[in-house]
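Architecture at a glance
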Amino acid sequence: MELKKTKTLNMQARKRREAYAFMLPAAIYMIVFAGYPLIYNLILSLKDTNVTNLTSGTSVFIGLENYRTLFSDPTFLMVLRNTFIFTIACLVFQFTIGFAFALFFSQKFKIGGPIRGIILVSYMMPLSVTGLLGKNIFSNAGLINDLLSKIGIAGPEWLVNGTTALIAIIIMNCWVGIPFNMLLLLSGLTNVPQDVYESSALDGATKMQQFFHITLPLMKGAVMSTLMLGFIYTFRAFDLMYIMTAGGPMNQTDVLGTYAYSLSFTKYEFSLGATVAMVLFLVLLVIGIFYLILVNREDD
């Protein structure tokens with residue numbers, strides 16, 4: 001009996017070592033390509049590093065001074081507001097329209113597959129291509145203004161005015177995000193048992209009652225995942241803004257990603273750019289922790 005117990009323990013230890021061996025390459029990759037840049041960025045945000053002292057290594061430690069400078073800067077506060085406005089607006093439209101498409105394509109009909117494939121084209125396109133497409137569509141002589149002129153409406157200068165430029169970027173981002181939301185929510189819909197709908201229909205439940213009392217409660221996990229992933233992907237957006245407007249006019253379409261890039265590689269204020277990047281990381285970290293808490297509470 002003792003010998004059998006020893007063999008079992010040795011086998012468990014060997015399996016544990018094998019598991020660690022398989023995990024080691026991923027751990028090394030994360031440390032090198034995620035951990036080190038993050039720590040370096042944090043240290044950079046606590047120093048006064050710019051183009052004059054970067055190569056000489058004479059930058060001095062100033063603690064949280066960069067954070068105080070940013071949060072007293074009206075431009076940064078506007079950029080932070082832009083980021084939240086852009087994220088929330090995109091989430092509302094992407095989720096609502098994506099959910100409607102998911103409900104539509106959950107029905108069985110012949111041409112559902114081809115239509116769904118056409119909708120997915122926008123999601124499969126590189127964001128750089130989407131940005132160039134949006135820049136052409138919303139230019140002064142672009143498709144939108146051309147269509148408006150044909151019905152006698154003078155189209156605005158979309159990418160010159162700050163408000164309309166942000167609206168144009170939100171539209172293009174929703175064009176990409178709607179298929180993503182549709183796919184995630186459609187997978188959640190397929191996991192809802194059909195016999196529950198049949199039983200509720202026999203009890204006299206309407207389609208609206210089934211949606212609010214069966215579909216939404218049983219899709220709670222899929223809805224939470226879609227919203228959290230959508231927030232993370234949208235909040236750290238960079239490509240569309242940089243290609244369509246480069247943050248202009250006057251930082252009115254800048255978000256945290258583009259503003260960090262501008263500070264670091266246009267103005268060469270490396271420490272301030274790193275500080276903006278850390279603010280972006282901290283917001284996403286809080287959202288990630290909040291999501292994990294909700295998931296654990298749901299599992300319990």
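Preceding this section is the structure that the text describes.
Each residue is numbered by its place in its chain's sequence as written, counting from 1. Residue-level local features of this predicted model are given only where pLDDT is at least 70; pairs of side-chain atoms are given and counted only at 80 or more, and the full residue set underlies all totals for whole chains, interfaces and linings. Based on all heavy atoms of the structure, the side-chain values leave hydrogens and waters out of the count.

Glancing now at helix α8 (residues 162–190). Working definition: helices are DSSP H or I runs of at least four residues, strands are E runs of at least two. Numbering for both runs from the N terminus. Here, expected helix span is obtained from the residue count minus one, scaled by 1.5 Å. Helix length check: α8, at 29 residues, gives a terminal C-alpha distance of 42 Å against a target of 42 Å (1.5 Å per residue), a fit within 8%. Bend is the name given here to the angle between axes fitted to two runs of seven residues, the run ending at a residue and the run starting at it. At V176, α8 shows its largest bend, some 30 degrees, and a proline, P179, comes one to four positions later. Partly exposed residues are those whose accessible area sits between 20% and 50% of the maximum for their type, while under 20% is buried and over 50% is exposed, using a 1.4 Å probe and protein chains only. Within α8, 21 of the 29 residues are buried, which leaves the element mostly enclosed by the surrounding structure.

This part is about the packing of helix α9 (residues 194–202) against helix α10 (residues 207–218). Running from N to C, α9 and α10 cross one another at 145 degrees; their axes reach a closest spacing of 11 Å. Here α9 runs over α10; the crossing is right-handed. Listed contacts from α10 to V196, Y197, S200 and A201 of α9 are Q210, I214 and T215. In this count, Pro and Cys sit with the nonpolar residues alongside Ala, Val, Leu, Ile, Met, Phe, Trp and Tyr, while Asp, Glu, Lys and Arg are called charged and the others, Gly among them, polar. Its residues placed into classes, the contact of α9 with α10 shows 4 nonpolar, 3 polar and no charged. For helices, the axis comes from a line fit to the C-alpha atoms of the stretch in contact; other axes are also lines fit to C-alpha atoms, and the angle between any two N-to-C directions lies between 0 and 180 degrees. Handedness of a crossing follows from how the near helix is turned relative to the far one, being left-handed for an anticlockwise turn of less than a right angle and right-handed for a clockwise one. Should any heavy atoms of two residues lie within 4.5 Å, those residues are considered in contact.

For the rest of this paragraph, the subject is the nonpolar core. Where a protein is soluble and globular, its nonpolar side chains tend to be buried together. Each nonpolar core is a collection of buried residues, namely Ala, Val, Leu, Ile, Met, Phe, Trp, Tyr and Cys, held together in the definition by side-chain atoms within 4.5 Å. Residues F76, F231, F235, L256, Y259 and V276 are the most contacted members of the largest nonpolar core, which totals 22 residues. Breaking this core down by element, the ones donating at least two residues are α2 (65–71), α3 (74–105), α11 (220–235), α13 (256–265) and α14 (270–299). No other element matches the 8 residues that α14 contributes to this core. Setting aside residues up to four positions removed in sequence, L256 forms contacts with F76, V79, L80, T83, F235, V276, V279 and L280. Counting residues in each nonpolar core, the second largest holds 19 residues, with C90, I137, I170 and L240 among its members.

Below, the discussion takes up the packing of aromatic side chains. Any pair of Phe, Tyr and Trp rings, taking the six-membered ring for Trp, is counted once the centres come within 6.5 Å. Such a pair is stacked with planes under 30 degrees apart, edge-to-face with planes over 60 apart, and tilted for the rest. This model, assessed by the stated rule, comprises 18 aromatic pairs. Between Y29 and F33, the aromatic rings sit 4.8 Å apart at their centres with planes inclined by 40 degrees, giving tilted as the arrangement. On the criterion of helical spacing, the pair formed by Y29 and F33 is a turn pair, its members being 4 residues apart in helix α1 (residues 2–45). With 5.2 Å between their ring centres and 50 degrees between their planes, Y261 and F265 make a pair best called tilted. Taken as a pair, Y261 and F265 lie in helix α13 at a separation of 4 residues, close to a single helical turn. Following the ring pairs from residue to residue traces out a cluster consisting of F95, F99, F211 and F212.

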